[in-house]
Amino acid sequence: MKSEVRRDDLVYPDLSYRISGILFEVFKELGPGYQEKYYERAIAVAFAKENLRFEEQLRIPLQYHNRPIGSYVLDFLTENVIVLEIKKGNYFKKQNIDQVFSYLKAKNLRLGLIANFTANGVKVKRIVNIN
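Here is a short report on the structure shown in this document. (Residues numbered from 1 in each chain as written. Predicted model: local features only at pLDDT ≥ 70, side-chain atom pairs only at ≥ 80, totals over all residues. Heavy atoms only, no water.)

### Observations concerning the pairing of strand S5 (residues 122-128)
Pairing analysis gives seven bridges linking strand S4 (residues 111-117) to S5, with the strands arranged antiparallel. Following the sheet pairing, leucine 111 is matched in S5 by valine 128. (Pairing = 2+ DSSP bridges. Helix = DSSP H or I, 4+ residues; strand = E, 2+ residues; numbered from the N terminus.)

Here's what the structure looks like:
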């Protein structure tokens, strides 16, 4: 008899699993070698097809003492709770992890995903803002 193990400490496990599945389907159909913007466009089509609420290329302001000091642009904000950043490459770079963490802090969100489209598939990394 198969016993299913479910972690209670994951942030948005069902939604992040659903997003990951969509990312794998996009890669399965497109394959490797495309620019990030083409993966992003395909993901937007797939999100819409799966009735997943999302905003793409969402600009969020960064403020200091209620004054604007800049802004960030998120690749995707899904269901108003998960940031999704699309990258190409085999490794998760520290600067990309820091970038997503900054997005989470600026928008006061708990979970971000970095999806690296590689020559061999998609790698997904969870970034959690515990503040």
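Moving on, there is more to tell.
### Describing the packing of helix H1 (residues 13-30) against helix H2 (residues 36-49)
Relative to each other, H1 and H2 sit at 120°, their axes nearing to 10 Å. Between H1 and H2, the crossing angle belongs to the class labelled oblique. Considering how the two elements wind past one another, H1 and H2 form a crossing that is right-handed. For the pair formed by H1 and H2, the contact residues are Ile19, Ile22, Leu23, Val26, Phe27 and Leu30 on the first element and Tyr38, Tyr39, Ala42, Ile43, Ala46 and Phe47 on the second. Taken together, the residues of the contact of H1 with H2 sort by class into twelve nonpolar, no polar and no charged. (Axes fitted to C-alpha atoms, helices over the stretch in contact; angles between N-to-C directions. Parallel < 35°, antiparallel > 145°, perpendicular 65-115°, else oblique. Left-handed = near helix turned anticlockwise from the far one by under 90°. Contact = heavy atoms within 4.5 Å. Nonpolar A, V, L, I, M, F, W, Y, C, P; charged D, E, K, R; others polar.)

### So, the nonpolar core
Core analysis: the biggest nonpolar cluster contains 23 residues, and Ile19, Leu23, Ile43, Phe47, Leu84, Ile86 and Phe117 have the highest contact counts within it. Secondary structure elements with two or more residues in this core: H1, H2, strand S3 (82-88) and S4. If you tally residues by element for this core, the top one is H1, at six residues. Setting aside residues no more than four positions away along its own chain, phenylalanine 47 makes contact with Ile19, Ile22, Leu52, Phe54, Phe76, Thr78 and Leu84. Counting residues in hydrophobic clusters, the runner-up holds eleven residues, among them Leu58, Leu74, Leu77 and Ile127. (Core = buried A, V, L, I, M, F, W, Y, C linked by side-chain atoms within 4.5 Å. Buried < 20%, exposed > 50% of the residue type's maximum accessible area, 1.4 Å probe, protein only.)

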